[in-house]
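Each chain is listed here by its residues.
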Amino acid sequence: QLQASGGGSVQAGGSLRLSCTTSGRTFSTYAMGWFRQAPGKEREFVAAISGSGRSTYYANSVKGRFTIARDNAKNTVYLQMNSLKTEDTAVYYCAADSKALTTAQSMGVRADVGSWGQGTQLTVSS
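Since this is a predicted model, take the numbers as computed values, not measurements. (Residues numbered from 1 in each chain as written. Predicted model: local features only at pLDDT ≥ 70, side-chain atom pairs only at ≥ 80, totals over all residues. Heavy atoms only, no water.)

### Concerning unusual backbone geometry
Consideration 1: Unusually for a residue other than glycine, Asn 75 sits at a positive phi of about 50 degrees.
Consideration 2: For Asn 75, the location among the structural elements is in the loop between strand 7 (66–71) and strand 8 (76–81).
Consideration 3: When its relative accessible area of 15% is taken as the criterion, Asn 75 is described as buried.
Consideration 4: The backbone of Ser 83 shows a phi angle near 50 degrees, a positive value even though the residue is not glycine.
Consideration 5: Secondary-structure assignment places Ser 83 in the loop between strand 8 and strand 9 (90–100). (Helix = DSSP H or I, 4+ residues; strand = E, 2+ residues; numbered from the N terminus. Buried < 20%, exposed > 50% of the residue type's maximum accessible area, 1.4 Å probe, protein only.)

### Points about the state of the cysteines
Consideration 1: Considering all chains together, one arrives at 1 disulfide under this definition.
Consideration 2: The disulfide that involves Cys 20 links it to Cys 94, with 2.1 Å between the sulfurs. Here the disulfide of Cys 20 and Cys 94 is right-handed, its torsion about the S-S bond being about 50 degrees. You can see Cys 20 sitting in strand 3 (residues 16–22) and its partner Cys 94 sitting in strand 9, a full 74 residues away along the chain. (Disulfide = S-S within 2.5 Å.)

### Re the pairing of strand 5 (residues 44–49)
Consideration 1: The buried fraction of strand 5 amounts to 5 of the 6 residues, a majority that puts the element mostly inside the structure.
Consideration 2: With 5 bridges connecting them, strand 4 (residues 30–37) and strand 5 associate as antiparallel partners. Counted as the bridge partner of Gly 33 is Ala 48 from strand 5.
Consideration 3: Between strand 4 and the antiparallel strand that follows it, strand 5, lie 6 residues; Gly 40 among them carries a positive phi value of about 80 degrees.
Consideration 4: Note: strand 5 against strand 6 (residues 56–58), 3 bridges, orientation antiparallel. (Pairing = 2+ DSSP bridges.)

### Let's talk about the pattern of salt bridges
Consideration 1: A full pass over the atoms with the stated rule returns 5 salt bridges.
Consideration 2: In this structure, Glu 44 and Arg 36 form a salt bridge, with 2.7 Å as the shortest nitrogen-oxygen distance.
Consideration 3: Taking relative accessible area as the criterion, Glu 44 reaches 35% and is therefore assigned partly exposed.
Consideration 4: Of the charged contacts in the structure, one is a salt bridge between Arg 36 and Asp 88, with a shortest N-O distance of 2.9 Å. With Arg 36 in strand 4 and Asp 88 in the loop between strand 8 and strand 9, this pair connects stretches of sequence that are 52 residues apart. The pair formed by Arg 36 and Asp 88 is uniform in burial state, with each residue classed as buried.
Consideration 5: Look at the salt bridges and you will find they share partners, linking Arg 36, Glu 44, Arg 65 and Asp 88 into a network. (Salt bridge = Lys/Arg side-chain N within 4 Å of Asp/Glu carboxyl O.)

Shown next, in the form of structure tokens:
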């Protein structure tokens with residue numbers, strides 16, 4: 001089970017960090033990612049990180065503003081979001097890749113998710 005937290009309301013230009021924690025001894029073998037779904041839109045990929053944390057992959061819309069990281073000792077993945085825009089408003093979901101030992105780019109391109117977190121709301125106001 002994936003447990004996401006850290007959402008909230010922030011003004012445009014602000015920052016926020018999301019966290020996602022899971023149990024299990026195989027956390028470090030799976031790429032992890034963040035997806036988001038805005039009202040009336042389909043869920044879209046945001047960022048992914050490999051199991052080791054050595055590779056990351058971002059959607060163009062967040063590149064340079066968001067940073068994904070993980071702490072395998074804590075079974076936690078993070079999404080640091082800076083320079084937030086109103087269009088970042090969405091429900092954010094953490095996800096585990098469906099296959100072990102894949103790359104961040106592979107997860108981002110395939111978007112083949114094995115497990116979803118429950119979602120956390122981010123609202124960015126102007």
